[in-house]
Amino acid sequence: MKLSDLRNPYLLFSSGFGLGLIPIAPGTFGSGFGLCLYIYLAHFYFSVYVTYLFLLSLLLGAWFVTSQSLKILGEGDHPEIVIDEIIGMMFVASFLPADPYWAIAAFLMFRFFDILKPFPINVIDRKFRNAFGIVMDDMIAAAYSIILILIATVLLR
């Protein structure tokens with residue numbers, strides 16, 4: 001994908017408004033953007049229900065635009081598609097205590113699981129070379145990160 005491809009709204013959205021075109025670690029930049037976006041939105045004090053409804057809407061939207069982007073780019077998890085990292089990190093951030101140390105730890109955990117792809121993330125990543133697989137592997141990485149955050153918050157009280 002090149003910069004001129006961002007005229008297509010599906011590619012624009014799935015690339016995180018161009019973040020996916022960064023040549024080094026686009027997923028890491030997408031995750032960082034997701035964390036910052038969530039922190040920004042959290043300042044509006046939406047209810048928990050509104051927040052999760054918004055995140056679920058983004059998740060469904062990401063699945064749709066990723067599917068449409070793959071019709072243009074071809075099958076596979078293209079590094080330019082970072083909407084999955086953005087939304088995965090936003091889900092993780094929604095479980096964080098309001099402390100920058102937790103945000104940094106959560107970011108590192110999410111990237112760890114997303115990059116190393118432990119079971120069943122690796123199976124989803126290999127078996128589903130479509131929008132479902134692209135989005136779902138990051139949702140499982142987010143779930144692993146959330147579980148660790150919840151355990152750590154209980155143990156550190």
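Because the structure is predicted, anything quoted here is derived from the model rather than measured.

On to the overall build of the protein. Along the backbone of the protein there are seven helices and zero strands. Secondary structure elements of the protein occur, N-terminal to C-terminal, as α-α-α-α-α-α-α. Over its C-alpha trace the protein gives a radius of gyration of 15 Å, about what one expects of a compact globule, namely 15 Å for 157 residues. Burial statistics for the protein: of 157 residues in total, 45% are counted as buried. Taking the contacts inside the protein whose residues are at least 6 apart along the sequence as the reference set, 74% of them involve residues at least 24 apart.

Further remarks concern the packing of aromatic side chains. By the definition in use, this model includes nine aromatic pairs. Taken together, Y40, F44 and F46 form an aromatic cluster joined through their ring pairs.

Right, let's get into the side chain of D125. Structurally, the position occupied by D125 is in helix α6 (residues 121–127). One buried charged residue, D125, forms no salt bridge at all, with the nearest opposite charge on R129 at 4.3 Å. Apart from residues no more than four positions distant in its own chain, D125 is found in contact with D77, K117 and D137.

Further remarks concern the pattern of salt bridges. In a structure, side chains of opposite charge can pair up when their charged atoms sit close to one another. Within this structure, the stated rule accounts for three salt bridges. The partner of D114 in a salt bridge is K117, with the nearest N and O atoms 3.5 Å apart. We note that D114, like K117, is buried. Counted as one network, the salt bridges with shared partners bring together R111, D114, K117 and D137.

For residues with low pLDDT, the predicted coordinates do not support detailed interpretation. On average, residues of the protein score 93 in pLDDT, and 100% of them are at 70 or above. Put simply, α6 is where the protein has its lowest mean pLDDT, 92, and helix α4 (residues 83–93) is where it has its highest, 96.

Each value, and the rule that gives it
- Residues numbered from 1 in each chain as written.
- Predicted model: local features only at pLDDT ≥ 70, side-chain atom pairs only at ≥ 80, totals over all residues.
- Heavy atoms only, no water.
- Helix = DSSP H or I, 4+ residues; strand = E, 2+ residues; numbered from the N terminus.
- Rg over C-alpha atoms; globule rule 2.2 N^0.38 Å.
- Buried < 20%, exposed > 50% of the residue type's maximum accessible area, 1.4 Å probe, protein only.
- Contact = heavy atoms within 4.5 Å.
- Phe/Tyr/Trp six-rings, centres within 6.5 Å; stacked < 30°, edge-to-face > 60°.
- Lys, Arg positive; Asp, Glu negative; His and termini not counted.
- Salt bridge = Lys/Arg side-chain N within 4 Å of Asp/Glu carboxyl O.
- pLDDT = per-residue confidence, 0-100.

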